[in-house]
Amino acid sequence: MTIAVTAASGQLGGAIIRALSEMTDEPIVGLARSPEKASALDVEIRPGDYADREQLTASLAGVDTLLLVSGMADPDERIGQHRNVIEAARSSGVKKIVYTSIQGVESGTAFSPVVQSNRQTEADIRASGLDWAIGRNGIYIEPDIDYLEHYRKSGAIANCAGDGKCGYTTRDELAFAYAKMLLEPAHQGQTYRLHGEPISQAELAAYFNRAFGTELHYQPMSVADYRAERIDALGEFLGTIIAGIYEGIRTGALETDSDYEKAAGRPHQSWDDYFASLQK
């Protein structure tokens, strides 16, 4: 069985390939829009531009199982790109697709159009006639870790999440679960929410304080103020989306039951263990 993973040059795609390599001796192929950026991975790398269906069809030749990492284009464009991958998979004889979808509010926030585009791809995969499994990823915690120095300088984690709890996860935990979903037939036809124990922003600040010796507190902001701040820092498109994610946390949409153990065969890493690992 040959397994292909798209977006191999990205952080999640690369992590999934590394997890697969530890679990199986089956052939693994990485697809990347810029193959040279994935050259450090010890697998065969083929071109994989979501916008080029002909290229995708050729690159998926001989592949049995495909992991489709959700793209980063605008929502409307993303739907079409994902359809290119699905149709190329069908044309090339792929038998199974596993898709990395997302969690979030499906209407009413600035992030909702992104969630809706992922839901459309989920529907397209279910209607493809192929075997399938879908994961809905929680929010990556790594960007908060990368933001440590900013938090340290400001003395606070400031956003519009309020008292809402968020089902965070890590790329490595997701990679482990997706490797299992690719390799094990028991996940056929399943849609899993993949995240750890939901925590609030105040709890996140406490974890930072214990792990890094900071003295952070949580500073709540209004949705409008946080959106303006994020747009100023990141630009209109990304800033609006980030604000929409935190608005979803505020409404409780990201405090959900996790299916991680069903997908991975073990519990999600605890946040105590995760933050302890960062101290080493």
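Heads up: the structure comes first, above all this text.
The shown structure was predicted, so the numbers you read here are calculated from the model rather than taken from an experiment.

> Can you break down the sheet that holds strand 6 (residues 131-137) residue by residue, with the values?
One open sheet holds the 7 strands; their spatial order is 3-2-1-4-5-6-11, and the pairing between them is parallel. The open sheet is flanked by strand 3 (44-47) and strand 11 (191-194), the only strands paired with a single partner. Here the strands of the sheet are splayed against their neighbours by 20° on average, with no regard to which way each runs. Bridge count between strand 4 (residues 65-69) and strand 5 (residues 96-102): 5 bridges; the pairing is parallel. By the bridge assignment for strand 5, valine 69 is matched with threonine 100. With respect to the sheet, helix 3 (residues 75-92) is in contact with strand 4 and strand 5, its orientation differing from that of strand 4 by roughly 175°. Each of strand 1 (3-5), strand 4, strand 5, strand 6 and strand 11 is contacted by helix 7 (residues 171-183), which is oriented at about 155° to strand 5, the strand it contacts most.

> Which residues make up the packing of helix 9 (residues 223-234) against helix 10 (residues 236-251), and what are the values?
The N-to-C vectors of helix 9 and helix 10 enclose an angle of 150°; their axes lie 7 Å apart at closest approach. Viewed along their axes, helix 9 and helix 10 form a crossing whose handedness is right-handed. Counted together, Val223, Tyr226, Arg227, Arg230, Ile231 and Leu234 of helix 9 and Glu236, Leu238, Gly239, Thr240, Ile242, Ala243, Tyr246, Glu247 and Arg250 of helix 10 form the full contact between these two elements. Classifying every residue of the contact of helix 9 with helix 10 gives 8 nonpolar, 2 polar and 5 charged.

> Break down the nonpolar core for me, citing the residues and quoting the values.
In this structure, Ile16, Leu60 and Leu194 are the most contacted members of the largest nonpolar core, which totals 50 residues. Considering every element that reaches this core, the biggest residue donor is helix 7, with 7 residues. Discounting residues that sit within four places of it in the chain, isoleucine 16 has contacts with Val5, Leu67, Ala175, Tyr178 and Leu182. Within the second largest apolar cluster, 34 residues are counted, among which are Ile102, Val115, Ala161 and Tyr218.

> Hey, could you go over the pattern of salt bridges for me, with residue numbers and the actual values?
If the charged atoms of two oppositely charged side chains come close together, the side chains can form a pair. Scanning all chains against the criterion turns up 16 salt bridges. Across the salt bridge formed by glutamate 122 and arginine 119, the nearest N and O atoms sit 2.9 Å from each other. One end of the pair, glutamate 122, and the other, arginine 119, are both in helix 4 (residues 112-126), 3 residues apart, so they sit about a helical turn from each other. Arginine 119 shares its class with glutamate 122; the two are buried. A salt bridge links glutamate 122 to arginine 136, with the shortest nitrogen-to-oxygen separation between them at 2.7 Å. Taken together, the residues glutamate 122 in helix 4 and arginine 136 in strand 6 connect sequence positions 14 residues apart. For the pair glutamate 122 and arginine 136, a shared accessibility class is recorded, and that class is buried. Through salt bridges with shared partners, a single ionic network connects Glu106, Arg119, Glu122, Arg126 and Arg136.

> Kindly report on the packing of aromatic side chains, identifying the contributing residues and their values.
Counting across every chain of the model gives 8 aromatic pairs. For the pair tyrosine 147 and tyrosine 151, a centre-to-centre distance of 5.4 Å together with 75° between the ring planes defines the contact as edge-to-face. Residue tyrosine 147 is classed as partly exposed on the basis of its relative accessible area, which comes to 29%. Relative accessible area serves as the criterion here: at 7%, tyrosine 151 is assigned to the buried category. Here tyrosine 274 and phenylalanine 275 contribute two aromatic rings whose centre-to-centre distance is 5.3 Å and whose plane-to-plane angle is 85°, an arrangement assigned as edge-to-face. Just as tyrosine 274 is buried, phenylalanine 275 falls in that class too. Among the aromatic side chains, those forming a connected cluster through ring pairs are Tyr147, Tyr151, Tyr207, Phe208, Phe212, Trp271, Tyr274 and Phe275. When the ring centre of phenylalanine 176 is taken as origin, the NZ or CZ atom of arginine 266, which lies over that ring, is 4.1 Å away.

What counts and what doesn't
- Residues numbered from 1 in each chain as written.
- Predicted model: local features only at pLDDT ≥ 70, side-chain atom pairs only at ≥ 80, totals over all residues.
- Heavy atoms only, no water.
- Pairing = 2+ DSSP bridges.
- Helix = DSSP H or I, 4+ residues; strand = E, 2+ residues; numbered from the N terminus.
- Axes fitted to C-alpha atoms, helices over the stretch in contact; angles between N-to-C directions.
- Contact = heavy atoms within 4.5 Å.
- Left-handed = near helix turned anticlockwise from the far one by under 90°.
- Nonpolar A, V, L, I, M, F, W, Y, C, P; charged D, E, K, R; others polar.
- Core = buried A, V, L, I, M, F, W, Y, C linked by side-chain atoms within 4.5 Å.
- Buried < 20%, exposed > 50% of the residue type's maximum accessible area, 1.4 Å probe, protein only.
- Salt bridge = Lys/Arg side-chain N within 4 Å of Asp/Glu carboxyl O.
- Phe/Tyr/Trp six-rings, centres within 6.5 Å; stacked < 30°, edge-to-face > 60°.
- Lys NZ or Arg CZ within 6 Å of the ring centre and 35° of its normal.

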